[in-house]
Amino acid sequence: MSAVAACAASVRDKEMSHVNPREAIGLDLGRRTVAYDDRDAILYALAVGARATELELVFERDLRALPTYGPALGLWAADALGERGLFDVSRALHGAQRLDVLEPLPPRGELELTARVANVWDKGDAAVFEVEVDCRQFRSVAAIFAPGSGGFGGERGPSAAGDPEQPPSATGSVQTTPEQAALYRLTGDRHAIHVDPAAAAAIGQPRPILHGLCTLGVVVRELARIAGAHACDLRELAVRFAAPVLPGERIEVRTWETGETPTRFAAATARGTVLSGGEVRFA
Ligand SMILES: C/C(=C\CC[C@@H](C)[C@H]1CC[C@H]2[C@@H]3[C@H](O)C[C@@H]4C[C@H](O)CC[C@]4(C)[C@H]3C[C@H](O)[C@]12C)C(=O)SCCNC(=O)CCNC(=O)[C@H](O)C(C)(C)COP(=O)(O)OP(=O)(O)OC[C@H]1O[C@@H](n2cnc3c(N)ncnc32)[C@H](O)[C@@H]1OP(=O)(O)O
């Protein structure tokens with residue numbers, strides 16, 4: 001480690017040492033007007049696998065914005081949390097995501113977003129920070145999993161809902177591309193672990209990993225296909241990122257119709273489960 005890096009780490013450790021993560025519960029992360037245009041909405045759609053034939057996703061004349069673009073537009077809130085020095089940003093991962101759609105995203109326009117820390121859970125070694133982003137169109141809750149920041153005497157919070165044991169009602173499969181993360185990062189999340197082999201290795205990954213929200217966007221499109229719905233008609237979504245997806249991996253999707261809404265789902269690559277405890281509902 002260079003002298004500068006060692007000094008920065010020591011400052012960071014000192015800054016982090018006197019802050020109890022529990023004190024972040026309810027923390028106001030600010031408000032922001034986020035604008036996007038046709039090009040942004042189309043780029044997002046392409047980055048989560050839209051086809052040229054899906055004119056409502058790739059042609060400005062017919063454009064609809066995918067609801068899963070909402071949490072991506074709210075990612076500044078996780079950055080705002082990271083800047084507070086509450087956890088080691090070099091090890092944090094997007095652990096889980098919830099999305100409640102209140103009304104369709106405009107195909108282009110401005111959103112008025114507010115953000116706060118809804119909760120902080122103490123998982124022993126790790127802390128989980130729930131970052132809630134609200135606007136007229138949606139409520140998004142991103143769980144940021146921060147290894148090494150737990151053990152502060154907080155509540156443990158909910159455990160993952162296990163996936164159903166019975167055979168799935170339906171299955172699907174979607175191929176990601178080796179370039180998927182390199183493309184997706186142009187939608188706004190340029191964190192190095194998604195493109196730089198050295199940054200990925202530093203968090204113990206064999207190569208750069210896919211953004212959680214990219215995996216989600218890809219899988220929601222497949223869930224919509226399975227349900228005979230359109231991904232733009234998503235109303236409700238919750239899922240845990242159980243393990244990283246590597247760009248180029250095939251994702252197998254399983255759904256369970258339990259007779260109740262929402263529909264349960266999970267997803268796996270050849271290496272094992274990557275999404276667990278999923279719940280989804282389309283209009
Ligand atoms: C977008 C993204 C990552 C971004 C997040 C951060 C990296 C960034 C947020 C803030 C950023 C910084 C900030 O902006 C300031 C700067 C700004 C500059 O511009 C840039 C630099 C910054 C410093 C900036 C840097 C970063 O951007 C930020 C810090 C991603 O997409 S990451 C990819 C998607 N996610 C994944 O691939 C995760 C996959 N999951 C796993 O690998 C594992 O599940 C796990 C490692 C998370 C946990 O496994 P583990 O084996 O450790 O856990 P267990 O022992 O099984 O369970 C222990 C308990 O924890 C519970 N639990 C387990 N897994 C999860 C989970 N996924 N979510 C929530 N809770 C979980 C489990 O149930 C156990 O609890 P109990 O049940 O109660 O026992």
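Residues numbered from 1 in each chain as written. Predicted model: local features only at pLDDT ≥ 70, side-chain atom pairs only at ≥ 80, totals over all residues. Heavy atoms only, no water.

### Details of the site of the ligand
Logical step 1: Looking at the ligand, there are 25 residues lining it, with Asp-79, Ser-159, Gly-212, Arg-240 and Phe-241 nearest.
Logical step 2: Between the ligand and Asp-79 there is a distance of 2.6 Å, counted from an oxygen atom to a side-chain nitrogen or oxygen.
Logical step 3: A distance of 2.9 Å is found between a nitrogen atom of the ligand and a backbone nitrogen or oxygen belonging to His-94.
Logical step 4: About the coverage of the ligand: the protein hides 71% of its 1400 Å² of free accessible area.
Logical step 5: Going through the elements one at a time, helix 5 (76-82), strand 2 (93-101) and strand 7 (234-241) are the ones with two or more residues in the shell around the ligand.
Logical step 6: Both of domain 1 (20-147) and domain 2 (170-282) provide at least three residues apiece to the shell around the ligand. (Near = heavy atom within 4 Å. Polar contact = N/O pair within 3.5 Å; in protein donor to acceptor, adjacent residues only side chain to side chain. Areas by Shrake-Rupley, 256 points an atom, 1.4 Å probe, with all protein chains shown as cover. Helix = DSSP H or I, 4+ residues; strand = E, 2+ residues; numbered from the N terminus. Domains from an automatic or database assignment.)

### Section: helix 8 (residues 212-227)
Logical step 1: Helix length check: helix 8 (16 residues) gives 22 Å between terminal C-alpha atoms against 22 Å at 1.5 Å per residue, within 8%.
Logical step 2: Counting buried residues along helix 8, 13 of its 16 residues qualify, which places the element largely inside the surrounding structure. (Expected span 1.5 Å × (residues − 1). Buried < 20%, exposed > 50% of the residue type's maximum accessible area, 1.4 Å probe, protein only.)

### Comments concerning the domain arrangement of the chain
Logical step 1: Partitioning the chain into structural domains gives domain 1 (20-147) and domain 2 (170-282).
Logical step 2: Computed over C-alpha atoms only, the centres of domain 1 and domain 2 are separated by 15 Å.
Logical step 3: Residue-level contacts link 30 residues of domain 1 with 29 residues of domain 2.
Logical step 4: Counting each side, the surface lost to burial between domain 1 and domain 2 is near 2500 Å², with a carbon and sulfur contribution of 61%.
Logical step 5: Contact with domain 2 buries area across many residues of domain 1, yet Ala-47, Val-48 and Gln-97 alone supply 20% of it, more than any other trio.
Logical step 6: At the boundary of domain 1 and domain 2, one finds three salt bridges.
Logical step 7: Arg-98 is the salt-bridge partner of Glu-236, the closest N and O atoms lying 3.4 Å from each other.
Logical step 8: There are 11 residue pairs in polar contact (both at pLDDT 80 or more) connecting domain 1 and domain 2.
Logical step 9: Looking at the side of domain 1 that touches domain 2, the elements with two or more residues in it are helix 2 (38-47), helix 3 (55-58), helix 4 (69-73) and strand 2. (Contact = heavy atoms within 4.5 Å. Buried area = accessible area lost by both parts, 1.4 Å probe. Salt bridge = Lys/Arg side-chain N within 4 Å of Asp/Glu carboxyl O.)

### Looking at a nonpolar patch on the surface
Logical step 1: Taken together, the side chains of Leu-46, Leu-183 and Leu-186 make up a nonpolar region of the molecular surface, amounting to roughly 230 Å² of accessible area.
Logical step 2: Structurally, the position occupied by Leu-186 is in the loop between helix 6 (180-184) and helix 7 (197-202). (Patch = residues over 30% accessible without salt bridge, like charges linked within 9 Å, V, L, I, M, F, W, Y side chains within 5 Å.)

### Thoughts on the side chain of Thr-176
Logical step 1: Among the structural elements, Thr-176 can be located in the loop between strand 6 (170-175) and helix 6.
Logical step 2: A relative accessible area of 1% places Thr-176 in the buried class.
Logical step 3: There is a polar contact of 2.9 Å between the side chain of Thr-176 and the backbone nitrogen of Gly-248.
Logical step 4: At 2.6 Å, the side chain of Thr-176 forms a polar contact with the backbone oxygen of Glu-249.
Logical step 5: Ignoring sequence-local partners within four residues, the contact set of Thr-176 consists of Leu-210, Leu-246, Pro-247, Gly-248, Glu-249 and Ile-251.

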